[in-house]
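Inside the fold
Here is how the chains run, residue by residue.
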Amino acid sequence: MIKKIIMGLGVLLVGLLIGGVSSHYLFNESDNKLKELPTPEVTDGIRGEQFGVDKNINESTIDNYLGRGDSVYRDMRLLVDPGNYEAIGGDSYLSGFVQGFEVIPLPYVVNVTGLPSEVGDTYTGNTLFTYADGKYIANYEESMSILEYIFPKDKYIFLMCGGAGYAGMMKNMLIELSWDKDKIYNVGGYWFYEGNNNVEVKRELEDGKVTYDFWKVAYHDIDFSNLHKVS
Amino acid sequence: MKKIIAIIVIIVLLIVVGISTYKYLDNKPFNIDKEYYGTGEIIEIDYEELDKILSEKKSFGLFIYQPLCGTSYNFESVVTNFSEENNVTFYKIAYSAIKEEYVGKTLKYYPSFALINKGKIKEFLRSDSNEDIYYYSEEGFTEWFNKYITN
């Protein structure tokens, strides 16, 4: 009698186990479902007030939000800045980036002002837009189309640069041009990133010289010679 | 039993007095070395130079910035104006040069300004603190600086 009870319980347990495991795989959508993103919110201090770095999605947490199909990731730095940053102890080169971010230099999108005098001029060539008198003016017929292609309005947009400044400028520009402010995040600066998705570009050779593996960078090149100036 | 309680109370009081005294001394204003007065300059240094100055236990002001990306420019003008108006020389260093070092890990973000007393960071501006936002302005920086520096 006892043996029969034990056997019955055993069959019941096995049945529950099989049923439970099967149900998990049949009905559980959580593996493919993207987690809801928090609404953009600026962080504390001047990082938030002046540069607009996000409180929830920033250098410390961006690893949790990479690889989303509903998002794009843009790094706003130049590969090599023509400004003389060595004069002030800086590094003109994009020495690394976060995996998944694609580079589109802000200075190609809009004119950059306010650099220290020792630097001289950064990139002063053609730009898609000119910011003057509080307005963004398209310089080319294709300017807005290019912007909409690189920063799709139906996607979440994660912006990053070296120290959050260019990313902040880009976010302000997109919002000004009617992008949804609740879909744009200033993730902050690569210099503060200590996550697990760092891609090193700068590399020291055996002879001590330094080289840059720019071939690793997904780069949006804008060839202004193929664009049509607005008259 | 009463003796034990009395001893414990005395020990606790001594600890409290000790902590209070330490806090008082730690927050006491200090002097920047005289060699930094006379001209108002911002001198760029690298980490080797900073390490040397710290090991010499000097007292000075250090502006931490990073070229590119637009982040430090506004505050840099605040620091530069203060330096010129008060004839005090500060050092400045790129964050990238100290990022992996103790100084960079202590400051955590840029732009920042650190007051160094005898080779040790005494106080610094936190760019991730709401309380420090005001001190990044001209008026605020003067107030903050004079709070910790007596000369």
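Described below are features of the structure shown in this document. (Residues numbered from 1 in each chain as written. Chains lettered and ligands numbered in written order. Predicted model: local features only at pLDDT ≥ 70, side-chain atom pairs only at ≥ 80, totals over all residues. Heavy atoms only, no water.)

1. Thoughts on the overall build of chain A
Put simply, the rule is: Every helix listed is a DSSP run of H or I at least four residues long, and every strand listed is a run of E at least two residues long, numbered separately from the N terminus. Partly exposed describes any residue whose relative accessible area lies between the buried limit of under 20% and the exposed limit of over 50%, with all areas from a 1.4 Å probe on protein chains only and scaled to the type maximum. Two residues qualify as a contact provided that any one of their heavy atoms is within 4.5 Å of a heavy atom in the partner residue.
What chain A contains, in helices and strands, is five helices and 10 strands. Expressed as a percentage of its 231 residues, the buried residues of chain A come to 45%. In chain A, of all internal contacts separated by at least 6 residues, the share reaching a separation of at least 24 is 69%.

2. Looking at the packing of helix H3 (residues 73-86) of chain B against helix H6 (residues 138-148) of chain B
Residue and element names in this part refer to chain B. Test applied: Throughout, an axis means a line fitted to C-alpha atoms (over the contacting stretch in the case of helices), and angles, computed between N-to-C directions, take values from 0 to 180 degrees. In these notes the angle categories are as follows: under 35 degrees is roughly parallel, over 145 is roughly antiparallel, 65 to 115 is roughly perpendicular, and the rest is oblique. By definition, any crossing whose near helix is turned counterclockwise from its far helix by less than a right angle is left-handed, and any crossing with a clockwise turn is right-handed. Under the scheme applied here, ten amino acids are nonpolar (Ala, Val, Leu, Ile, Met, Phe, Trp, Tyr, Cys and Pro), four are charged (Asp, Glu, Lys and Arg), and all others, including Gly, are polar.
The contact between H3 and H6 brings their axes to 10 Å, and the two run at 55°. The angle between H3 and H6 places the two elements in the oblique class. In terms of crossing hand, the pair formed by H3 and H6 is right-handed. Seen from H3, the contacting residues are Phe75, Val78, Val79, Asn81 and Phe82; seen from H6, they are Glu138, Phe141, Thr142 and Phe145. Split by residue class, the contact of H3 with H6 holds six nonpolar, two polar and one charged.

3. Some remarks on the sheet that holds strand E3 (residues 102-103) of chain A
All names here are of chain A. The cut-off we apply is this: Criterion used throughout: strands pair if DSSP finds at least two bridges between them.
Read across the sheet, four strands follow the order E3-E1-E6-E7 without closing on themselves; strand pairing throughout is parallel. Two strands close off the open sheet at either side, each with one partner strand: E3 and strand E7 (184-189). Pairing of strand E6 (residues 156-161) with E7 involves five bridges; the strand directions are parallel. Within E7, the position partnered with isoleucine 157 by the bridge is isoleucine 184. Across the sheet, helix H5 (residues 165-176) is in contact with E6 and E7; its angle to E6 comes to roughly 145°.

4. A closer look at the pattern of salt bridges
As a reminder, the rule being used: Basic side-chain nitrogens of Lys or Arg form a salt bridge, by our definition, when they fall within 4 Å of a carboxyl oxygen of Asp or Glu.
Counted by the stated rule, this structure contains 18 salt bridges over all chains. One salt bridge in this structure joins aspartate 75 of chain A and arginine 77 of chain A, with 2.7 Å as the shortest N-O distance. Relative accessible area serves as the criterion here: at 1%, aspartate 75 of chain A is assigned to the buried category. Its relative accessible area of 8% is what places arginine 77 of chain A among the buried residues. One salt bridge in this structure joins glutamate 76 of chain B and lysine 92 of chain B, with 2.6 Å as the shortest N-O distance. Of the two residues, glutamate 76 of chain B sits in helix H3 while lysine 92 of chain B sits in strand E3 (residues 90-94), which places them 16 residues apart along the sequence.

5. Side note on the nonpolar core
Rules: Put simply, a nonpolar core is a bunch of buried Ala, Val, Leu, Ile, Met, Phe, Trp, Tyr and Cys residues held in one set by side-chain atoms that sit within 4.5 Å of each other.
Counting residues in each nonpolar core, the largest one holds 47 residues, and the members touching the most others are Phe113, Phe141 and Phe145 of chain B. Those elements that place two or more of their residues in this core are helix H2 (47-55), strand E2 (60-65), H3, E3, helix H4 (95-98), helix H5 (102-107), strand E4 (112-117) and H6 of chain B. The dominant element in this core, judged by the number of residues it contributes, is E2 of chain B, at five residues. Filtering out sequence-adjacent residues up to four positions away, phenylalanine 141 of chain B remains in contact with Phe75, Val78, Val79, Phe82, Phe113, Leu125, Tyr134 and Tyr135 of chain B. Counting 31 residues, the second-largest nonpolar core is a separate cluster that includes Leu106, Val112, Tyr166 and Ala167 of chain A.

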